[in-house]
Amino acid sequence: MEGDIMLGGIFSFHSRWEEGQNTFSHTPLPLQCIRLNFRGFQYTQAMRFAIEEINNSSDLLPGISLGYKIYDSCGSIARAVKVALALVNGNEMVSASSDKPCTRPAQVQAIMGETFSSPCMAIATVVGPFYIPLISHAATCACLSDKTKYPSFLRTIPSDNYQSRALAQLVKHFGWTWVGALRTNDDYGNNGMATFTATAQRLGICLEYSLSVFRTDPPDKIQKVMDTIKASTSKVIVAFLSASDMHMLTRKLSENNLTGYQWVGSEGWIFDSQIAATGGHHVLDGAIGLSIPKAQVSGMREFMLDVKPLNSSSNEMFTEFWETLFQCRFKKTAGNQRECTGQEDLTEVQNSFTDMSLMPIFNNVYKGVYAVAHALHRMLSCNKTCNNKEQLDPSMCTSPQILRHIQQIQFKTKEGDDVYFNENGDPPAKYEIINWQPNKNGIVDFVAVGLYDASLPADRQLILHNRSLIWAENSQKVPQSVCSEKCHPGTRKVLQKGKPVCCYDCLRCAEGEISNIADSITCEECQPDYWSNERRDACVKKEAEFLSYKEILGALLTSASLLGTFMTAVVAFIFFRHRHTPIVRANNSELSFLLLFSLTLCFLCSLTFIGRPSEWSCMLRHTAFGITFVLCISCVLGKTIVVLMAFRATLPGSNVMKWFGPTQQKLSVLGFTLIQILICILWLTISPPFPFKNLKEFKNKIILECAFGSAVGFWAVLGYIGLLAMFCFVLAFLARKLPDNFNEAKFITFSMLIFCAVWITFIPAYVSSPGKFSVAVEIFAILASTFGLLICIFVPKCYIILLKPGKNTKKNIMGKGATKSY
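Residues numbered from 1 in each chain as written. Predicted model: local features only at pLDDT ≥ 70, side-chain atom pairs only at ≥ 80, totals over all residues. Heavy atoms only, no water.

## Thoughts on the sheet that holds strand S26 (residues 543–545)
As summarised here, the arrangement of the 3 strands in space is S26-S28-S27, forming an open sheet in which the pairing is mixed. Either end of the sheet is taken by a strand with one partner, and the two such strands are S26 and strand S27 (690–694). If you compare each strand with its neighbour and ignore which way they point, the axes differ by 30° on average. Bridge count between S26 and strand S28 (residues 701–707): 3 bridges; the pairing is parallel. Each residue of the ladder has a partner; that of Glu-545, found in S28, is Ile-703. (Pairing = 2+ DSSP bridges. Helix = DSSP H or I, 4+ residues; strand = E, 2+ residues; numbered from the N terminus. Axes fitted to C-alpha atoms, helices over the stretch in contact; angles between N-to-C directions.)

In structure tokens, the structure reads:
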């Protein structure tokens, strides 16, 4: 249609083509277009509707009429480039000489189309140097946003850069980490899938396979795709396909009975009702994907369906369209087909041309035409009328201006849609999330279940409505598609060798380590005072272990300590009652009572080892033990020396006892004890014992114990006790056979033998005993040695005092009676 200003259009009225055999003996024949595509006619009608509406408007381009030239690209890139050159240059030979170079017969000021990305790239490359705007309604490849390569390309549909990321986020939202991927083998599919793959990897999604298909692929290649899907373990397939390729693929899926897969689709096919209507055995039911938001343009549906047949001789393609639409022929031919009258009623026809499910795409064509009209309106300074009604030559003067004005326009359509382009020639990215839900009649309803808005913050871009979804095979449950099941808390992921990161084994965390989230890649080590629980998903405070009064072992040792104290008190009472008897007076009764007092302290000091260690108990237990035992051994040593001195005193002319009388005995005990006190003071001053948490002895327990502080101090205290004990043992051993009826040296020898044996065996037992048992060994050594002293030294005397009072005489003690030696 002619007009003051011409617009071009390139649409695919056919979806395939045939190439003749080139014999190189004549000019190659043009492409033979086959398989009529009603969608191309719908896009044409949308463009014509917008132009007619603008021409009838008094507000936009008043006084100027828009015309159009529309070509069929046949789905071929080569054909698209050829018709683009025809739109730019024209088919007529025109003289270039003119006084007004901008007024020669003009061609188109802008081109609407093409539907697919690859042809758009080729066309934009050709018309780009002339800055002729190319506005596509459906080409979504992100590569077309590159203004260095395609400076004049714009589009009214969002770039796949946003769609691919949105699809990856959608897959991640439903927990699908193991998916298959199919793409159209062209720029739309390859670039879109590349962005999806990169985003998916960042989100932790793995592709089991990624295959390309094209509608013209040979059958064996298509079958390989079917076999790959059949052999795969993933149950979710992301399909970045054009409608034509998906239509072909759906038939093959149905033939191979490949059902039960959850399909995630791009806008190229997800809301195409023609695919849904011919979906075989509902292999795509439950599909989910992104579509252009729904749109309604008042009057467009009626205009699109109001088609009139043209003279068959003037427009061969439209004749083919009419004959295919109504299944008739304008010229009667042999066969059963009826003859076309030109008066056929379109309301009686149900096919893809009468299907208005692609109204959002038709609206994109409509907005593209209006974008050019608004740019021209501004460029021509139109108010009530426009200043210039002359033809414009895009290649020479006005194209850069038109392109610049289109890039700057911002307006609202009559339906309230905002139209503008960013610096890359792209509109704002907004998608509806569509779910294929078969109704009771078996017809698929496209139900909007969510929204994706790239203008919102990243964490709020994907919005799903609170609406039930239908999944593959009409299931109400979200399908699972993972290479490995989720690792529960308490385990960590270990990658399987040679497989993607989504394929892993779940290993239980080691002792002392936890993971409290699912699919953790590491196990965290618990703090030193904590330990992992049985499930390895939480750190629990370690049980503090020490020798307690409440447990059986602690209670038994406490009882033994109190029993020893009681026995010592009983012996002291007996000795006090019989303090004037010879057996008590025979060996310095004051030393005996001091020894009993020290034994009592030895029994009681064992109690300081029981209970939770504290600073005062740690310092008290070892120092009290060291001092009381030295006091005890000093008393025994004094008694031993007294025995030896007493024997020496009976020899003629001996005056030994005056050198070791009662005063000297007390001073010796005091002197020996003061040395131990001095050692303990130095120990407590330099590096005293302190409470210590032993975390190494047991993994799941804290052993509360007393650290020595200074090991030298501890062994000095213990060594000094051992030195006195050995000295006492040697003296007592030397005096064991002295001629005396009641030779106390024998009993001291036995007591020292027991004492030394206990403490010699204590050292290896103490070192090898774990935890609180080392404390128990130390208490046992204290009690055993104390009981040994008490029993060996005092029990024989108590026996004579209580049961053999006849022997408790001075004569018998001195060995002068007729009684035999004890």
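## Some details on helix H10 (residues 316–326)
All of the buried residues along H10 are Phe-318, Thr-319, Phe-321, Trp-322, Glu-323, Leu-325 and Phe-326. Packed against the buried residues of H10 are strand S3 (32–36), helix H1 (38–55), strand S13 (328–329) and strand S14 (338–339). At the C-terminal side of H10, Gln-327 shows a positive phi close to 55°. (Buried < 20%, exposed > 50% of the residue type's maximum accessible area, 1.4 Å probe, protein only. Contact = heavy atoms within 4.5 Å.)

## Considering the state of the cysteines
Inspection of the entire model under this criterion finds 10 disulfides. Put simply, Cys-33 and Cys-74 are joined by a disulfide, and their sulfur atoms are 2.1 Å apart. Of the two residues, Cys-33 sits in strand S3 while Cys-74 sits in the loop between strand S4 (66–72) and helix H2 (77–89), which places them 41 residues apart along the sequence. Put simply, Cys-328 and Cys-340 are joined by a disulfide, and their sulfur atoms are 1.8 Å apart. The chirality of the disulfide connecting Cys-328 with Cys-340 is right-handed, given an S-S dihedral of about 95°. One end of the pair, Cys-328, is in strand S13; the other, Cys-340, is in the loop between S14 and helix H11 (359–379), and 12 residues separate them in sequence. There is no split in this pair, since Cys-328 and Cys-340 are both buried. Cysteine Cys-632 remains unbridged, with the sulfur of Cys-602 as its closest cysteine sulfur at 4.7 Å. With a relative accessible area of 0%, Cys-632 lands in the buried category. In this structure Cys-635 is a free cysteine whose sulfur lies 6.8 Å from that of Cys-632, the closest cysteine sulfur available. (Disulfide = S-S within 2.5 Å.)

## Description of the packing of aromatic side chains
This structure, assessed with the given rule, holds 24 aromatic pairs. When the centroid spacing of 5.4 Å and the interplanar angle of 55° are considered together, the rings of Phe-49 and Phe-303 count as tilted. Of this pair, Phe-49 sits in helix H1 while Phe-303 is found in helix H9 (residues 300–305), placing the two residues 254 residues apart along the sequence. Like Phe-303, Phe-49 is buried. In this structure, Arg-579 is placed above the aromatic ring of Phe-576, and the distance from its NZ or CZ to the ring centre is 4.2 Å. Over the aromatic face of Phe-794 sits the side chain of Lys-797, whose NZ or CZ is 5.9 Å from the ring centroid. (Phe/Tyr/Trp six-rings, centres within 6.5 Å; stacked < 30°, edge-to-face > 60°. Lys NZ or Arg CZ within 6 Å of the ring centre and 35° of its normal.)

## What about unusual backbone geometry?
Cis geometry is found at the peptide bond from Gly-113 to Glu-114, where omega equals -10°. Structurally, the position occupied by Glu-114 is in the loop between strand S5 (108–113) and helix H3 (117–127). Phi at Asn-257 is positive, roughly 55°, even though this residue is not glycine. Among the secondary structure elements, Asn-257 is positioned in the loop between helix H7 (243–255) and strand S11 (262–265). Using a relative accessible area of 55% as the deciding quantity, one classes Asn-257 as exposed.

## Remarks on the side chain of Gln-676
Locating Gln-676 in the fold gives a position in helix H17 (residues 662–686). Residues contacting Gln-676, with those up to four places away along its chain left out, are Gly-626, Ile-627, Val-630, Val-717, Tyr-720 and Ile-721.

## Comments concerning the confidence of the model for the protein
The share of residues in the protein with pLDDT of 70 or more is 89%, and the mean pLDDT across the chain is 84. Per-residue pLDDT stays below 50 along residues 817–822; that stretch engages in 13 contacts with residues further than four places along the chain or on separate chains. (pLDDT = per-residue confidence, 0-100.)

## Remarks on the pairing of S27
Here 5 bridges tie S27 to S28, and the two strands are oriented antiparallel to one another. Looking at the pairing, Phe-692 lines up with Glu-705 of S28.

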